[in-house]
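Spelled out, the chains give:
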Number of protein chains: 2
Amino acid sequence: VATNREQCVELDRRDRLAAAREGFCLPDGIVYLDGNSLGPPPRTVAARLQDLVGREWGQDLIGSWNLHGWIDAPVRIGDKIAQLIGGVPGTVLACDSTSVNLFKLLGAALSLRTDRAVLLSERTNFPTDLYVAEGIARLLGGGRRLELVDWDEIEAAIDGDTAVVLLTHVNYRTGAMYDLAAITARAHAAGALTVWDLAHSAGAMPIDVASAGVDFAVGCGYKYLNGGPGAPAFLYVAPAHQATAHQPLQGWFGHAAPFAFETSYRPAAGIAQFLCGTAPILAMAALECGIDCALDYDLSAVREKSQNLIDLFVERLDARCGAHGLGLVTPRERDKRGSQLCLSHSEGYPVIQALVERGVIGDFRAPDIMRFGFAPLYVRYVDVWDAVEALASILDTRAWDHPRYRRRAAVT
Amino acid sequence: VATNREQCVELDRRDRLAAAREGFCLPDGIVYLDGNSLGPPPRTVAARLQDLVGREWGQDLIGSWNLHGWIDAPVRIGDKIAQLIGGVPGTVLACDSTSVNLFKLLGAALSLRTDRAVLLSERTNFPTDLYVAEGIARLLGGGRRLELVDWDEIEAAIDGDTAVVLLTHVNYRTGAMYDLAAITARAHAAGALTVWDLAHSAGAMPIDVASAGVDFAVGCGYKYLNGGPGAPAFLYVAPAHQATAHQPLQGWFGHAAPFAFETSYRPAAGIAQFLCGTAPILAMAALECGIDCALDYDLSAVREKSQNLIDLFVERLDARCGAHGLGLVTPRERDKRGSQLCLSHSEGYPVIQALVERGVIGDFRAPDIMRFGFAPLYVRYVDVWDAVEALASILDTRAWDHPRYRRRAAVT
């Protein structure tokens, strides 16, 4: 669609989402293609935190739990997230980390399928999902076990012994996307439940958990929701399961009457039973700013632009980097991929470091994957152009081949 | 010690901790006796968050995980907390909520005592501790059960079937304090392990978990550590257990190599295996500000002053409020209580609301407990004087007897 940079400038000029970029703080001269790992700060965050610290916490102190809605934050923010993923009010909470929420929901799902042994997932699922599943299977014993199959073997592997199918909607290292509704239907046909991880899709595309019949879902606050580093995560529980499932992380905020201080646990009705401890209000406030940004825009338009950006990236790669042994890991078909593009290259790690040094931020996943995320609220067509030009230059000149690019940091 | 307000002013003038109050933001004219529930903001927090949002998150984006030590925050802040509770470096983490950390540590303790059925606690322990224990017992099955006894029956109740003794060092509704070392020794003599909740003691007094032989402990970041509403909590694991215990919340940050993205869980060596998901960095930064305040002062002096404040409060109560049916719930003996004073009164709820309206902030715990916390870094002797004068006036005039003081808020 664009064969020179001016055409990209023109695409940005005509982009209906162009104004959204003003809602974020981004450093000058940076092409930020890592919003799939950490979204940038919404412009509103700094002022919101100042007000929260200075006025709410500093002036109203403990009274702010009531006065400023701190107590309702997990449900209030959860209801906003519900709008992004197709849940009705009262089905989503913002709370804890993705990993902790996965533990709750796997526990809840297993409480509904006590006669089935298998937690089924796929081998390249994000590791924490697999670790949490392995952990709860071990804790429960009784033959419970995590079984892993290849990406495309999932539907065939679901059978009468499958208690729960645990999958990430969009894969973190390939960018490939599952058909949420089809696999959920397949699981239900076999009497199994689903726990979906929406970490790499919530906020990047329209999702409709209700019409897809999703049983349980979790997702991440700090990627496409732009909630800040380590932002609280979210969880979704279908209305039908709220009265019957039992989640194992019984804490006071999940109690029917937290401030009655009863000795025995009595779960709250509805989604609140999936809370555990006290919510980190400062982090919740930043998350809410991020979600408010997403709510301002039509997710169909966001999805459409993300796919245009990826298509342009692939076109430019074909035109400029064909000779350098890059492998296209992410599907070329729009309906089979999320909002990121993953390339394999034997020197992927130093190539990414060289790109970062030139102001193009992507990231690397061992052993050989370079990832580029396309968050349409702030990524422009010119960013795609400039990123591929930088990559082509680095590959053409072997600029990546320098010892400083091989130094491994704690976080890659 | 003080029979008029001027003497209190003089006590404040001579107080070695008086300068500490400058380290906190407190509204003018407020007597804040609720730091046992939510500490006020350290003066450093607002600027720290501005820098974190504007420069670290906003300028360095994803790179901040390495550049600004985000990745090390749970261990770095944990090591600071270790200085407050007598742990050696590498025994404490700042992470998750108290409830979630309790689940991890109860799971870890039970993994070391698979042949014992009983989790032993006391009836008036903070409810979330009981709920979490009840939840993990139910999840594990196999006859595991939570047994509750009265406060002073604990030592006698520990026997050969006790897997773990779960107690809060200072009780949230009575202010009474257990002898940490004595009960730990008694548990060990019976072959049981201890999980201590230090929510109401960490930061308010010297604690020495190492010399007391404590096995596991958790604590709260938002009370005497002044880490902000819902601040991340902490956990402590004795070095001896780190190589043998297994905690059940297996997440990627507890993995030996989180960024190797291995398919199977392999716990990190040392304290890091007790991490689970990604830490909420904004909330962690505020917590660190709070802990840095506490590190500036000698906890023995803090403890001494807190007891002087409570003694003064009790003296003034005896002098001014004797006729009004107040019950002293907290022990009069210094070595049997924490840093709060709890009074029972049949009209405790409206009395507290009337006090709050007059700028004296305490809180209420059902059914009839009024709580006043004495955080010596910012509570003054004049505050004690003024608080009791306000209370006496409210009781003398029955000012509490107004419908507006009976309206119940979500958080009491």
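## A look at the state of the cysteines
Residue and element names in this part refer to chain A.
- Overall, the coordinates contain 0 disulfides over all chains when judged by the stated rule.
- Cysteine C220 shares no disulfide, and the gap to the nearest cysteine sulfur, in C95, comes to 13 Å.
- Sulfur of C293: no disulfide; nearest cysteine sulfur belongs to C289 and is 7.4 Å away.
- Since its relative accessible area comes to 11%, C293 is described here as buried.

## Notes on the relation of the copies chain A and chain B
- Mapping chain A onto chain B calls for a rotation angle of 180 degrees and an axial translation of 0.0 Å; the resulting RMSD is 0.0 Å. Taken together, the rotation and translation relating the two chain copies correspond to the operation of a two-fold axis.
- A shared binding surface is used by both copies, with 99% of the interface residues of chain A retained as interface residues in chain B.

## Some remarks on the packing of aromatic side chains
- Overall, the coordinates contain 37 aromatic pairs over all chains when judged by the stated rule.
- With 6.4 Å between their ring centres and 35 degrees between their planes, Y32 of chain B and Y378 of chain B make a pair best called tilted. Taken as a pair, Y32 of chain B in strand β1 (residues 31–32) and Y378 of chain B in the loop between β13 (369–373) and α14 (381–397) lie far apart in primary sequence, 346 residues in all. Taken individually, Y32 of chain B and Y378 of chain B each receive the classification buried, so the pair is uniform in this respect.
- Directly above the aromatic system of Y349 of chain A lies the positively charged group of R408 of chain A, at a separation of 3.8 Å from the ring centroid.

## Quick look at the nonpolar core
- Counting residues in each nonpolar core, the largest one holds 313 residues, and the members touching the most others are F313 of chain A together with F313 of chain B.
- Ignoring anything within four residues of it in the chain, the contact list for F313 of chain A reads L33, L341, L343, F372, F374, V384, A387 and V388 of chain A.

## Some thoughts on the interface of chain A and chain B
- Contacts between the two partners involve 81 residues from chain A and, on the opposite side, 80 residues from chain B.
- When chain A packs against chain B, the two sides together hide about 7000 Å² of surface, and 70% of this comes from carbon and sulfur.
- Considering only the side of chain A, the residues that lose the most area to chain B are W57, Y131 and F261 of chain A, jointly responsible for 11% of the buried surface there.
- Run the count over chain A and chain B and you get 0 salt bridges.
- Elements with a minimum of two residues in the side of chain A that touches chain B: α2 (45–60), α3 (64–67), α5 (98–111), α6 (127–140) and α11 (281–295) of chain A.

## Considering the confidence of the model for chain A
- Scored by pLDDT, chain A comes out at a mean of 97, with 100% of its residues at no less than 70.
- Reported confidence for the predicted complex is 0.97 by ipTM and 0.98 by pTM.

Thresholds applied
Residues numbered from 1 in each chain as written. Chains lettered and ligands numbered in written order. Predicted model: local features only at pLDDT ≥ 70, side-chain atom pairs only at ≥ 80, totals over all residues. Heavy atoms only, no water. Disulfide = S-S within 2.5 Å. Buried < 20%, exposed > 50% of the residue type's maximum accessible area, 1.4 Å probe, protein only. Least-squares fit on C-alpha atoms with pLDDT ≥ 70 in both. Contact = heavy atoms within 4.5 Å. Phe/Tyr/Trp six-rings, centres within 6.5 Å; stacked < 30°, edge-to-face > 60°. Helix = DSSP H or I, 4+ residues; strand = E, 2+ residues; numbered from the N terminus. Lys NZ or Arg CZ within 6 Å of the ring centre and 35° of its normal. Core = buried A, V, L, I, M, F, W, Y, C linked by side-chain atoms within 4.5 Å. Buried area = accessible area lost by both parts, 1.4 Å probe. Salt bridge = Lys/Arg side-chain N within 4 Å of Asp/Glu carboxyl O. pLDDT = per-residue confidence, 0-100.

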